[in-house]
Amino acid sequence: MQRTLVLLKPDAVQRGLVGRIVARLEDRGLRLVAAKMLLMDQKLAHRHYEDHVDKPFFKGLVEFMTSAPMVAMVLEGKNAVEVVRQMMGSTDSAKAAPGTIRGDLALDTRRNLVHGSDSPETAEREIALFFAPQEVLGYQRDVDRWIATGP
Ligand code: IDP
Ligand code: MG
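Below you will find a few notes about this structure. (Residues numbered from 1 in each chain as written. Chains lettered and ligands numbered in written order. Predicted model: local features only at pLDDT ≥ 70, side-chain atom pairs only at ≥ 80, totals over all residues. Heavy atoms only, no water.)

For the chain, the helix and strand inventory stands at 7 helices and 6 strands. Shown N-terminal to C-terminal, the secondary structure of the chain runs as helices and strands in the order β-α-α-β-α-α-β-α-α-β-α-β-β. For 151 residues, the compact-globule estimate of 2.2 N^0.38 gives 15 Å, and the chain sits close to it at 15 Å. Principal-axis analysis of the C-alpha atoms gives the chain an extent of 50 × 35 × 25 Å. In the chain, which comprises 151 residues, the share counted as buried stands at 46%. By sequence separation, contacts in the chain at least 24 residues apart represent 70% of the contacts at least 6 residues apart. Summed over its atoms, the accessible surface of the chain is roughly 8,200 Å², and 50% of this surface lies on carbon and sulfur atoms. Of the charged side chains in the chain, 21 are positive and 20 negative; the average position of the first set lies 3 Å away from that of the second. (Helix = DSSP H or I, 4+ residues; strand = E, 2+ residues; numbered from the N terminus. Rg over C-alpha atoms; globule rule 2.2 N^0.38 Å. Buried < 20%, exposed > 50% of the residue type's maximum accessible area, 1.4 Å probe, protein only. Contact = heavy atoms within 4.5 Å. Areas by Shrake-Rupley, 256 points an atom, 1.4 Å probe, with all protein chains shown as cover. Lys, Arg positive; Asp, Glu negative; His and termini not counted. Charge placed at Lys NZ, Arg CZ, Asp CG, Glu CD.)

This next bit is on a nonpolar patch on the surface. Together, Leu-137, Tyr-139 and Trp-146 make up an exposed nonpolar region whose accessible area comes to about 320 Å². In this fold, Leu-137 is placed in strand E5 (residues 136–140). (Patch = residues over 30% accessible without salt bridge, like charges linked within 9 Å, V, L, I, M, F, W, Y side chains within 5 Å. Salt bridge = Lys/Arg side-chain N within 4 Å of Asp/Glu carboxyl O.)

On to the side chain of Lys-9, then. The topology assignment puts Lys-9 in the loop between strand E1 (2–8) and helix H1 (10–14). Buried charge without a partner: Lys-9 forms no salt bridge, and the closest opposite charge is Asp-11, 6.6 Å away. With sequence-adjacent residues up to four places away left out, Lys-9 is seen in contact with Tyr-49, Phe-64, Met-65, Met-70, Arg-102, Arg-110, Asn-112, Leu-113, Val-114 and His-115.

It is worth spelling out the layout of surface pockets at this point. Empty space among the atoms becomes apparent when a probe as large as a water molecule is rolled across them. Volume-wise, the largest pocket comes out at about 510 Å³. Among the residues making up the lining of the largest pocket, the classes are represented as 5 nonpolar, 8 polar and 9 charged. Roughly 270 Å³ of internal volume is contained in the second largest pocket. Along its surface, the second largest pocket is lined by 13 residues, and Met-1, Arg-31, Glu-76, Tyr-139 and Arg-141 are the ones closest to its centre. Elements with a minimum of two residues in the lining of the second largest pocket: strand E3 (70–77), E5 and strand E6 (145–150). When residues in the lining of the second largest pocket are grouped by element, the largest group, 3 residues, is from E5. Of the residues belonging to the lining of the second largest pocket, the class tally is 3 nonpolar, 5 polar and 5 charged. (1 Å grid on protein atoms, 1.4 Å probe; cavity = no way out; pocket = protein on both sides within 12 Å on 5 of 7 lines; lining within 4 Å. Points joined across faces, edges and corners; volume = space filled by probe spheres on them. Nonpolar A, V, L, I, M, F, W, Y, C, P; charged D, E, K, R; others polar.)

Quick look at the structure:
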């Protein structure tokens, strides 16, 4: 089992696509183990996108991500990181393959609806930015009940 961070970006919330995107992820078999709606602040945006600070699109990206509420989620499942990346499609939505979230629902590069962690290590770091350990819930077989299991 693997966990990944998914963000439904401000454009997904504004366009009323949250339910449809969550449904696609759940239909695939990924299990929702944490979720919250939030307004990303500058500090969180900089920490989340720290690898992109020197990119020409960084300022516009932070402006977009802090402009309106988003939904943050942790999804769990076999190969969750790669599966979500495949389901998202290419960063430039206009080039994303049909059948992917971006390829079916978006056309823009910045406003591309979803974020998904790009490696298991990144996922661990990103999940901890958005969720406290008690906010990530999983079924613990050895105690046979639902408990906080992460990040
Ligand atoms: P990813 O979200 O597909 O992993 P990254 O390269 O990690 O793509 O870029 C992070 C986010 O920055 C993208 O999802 C998109 O919102 C934005 N972005 C990336 N490249 C560009 C660009 O060339 N122009 C405008 N925005 C961009
Ligand atoms: Mg990325």
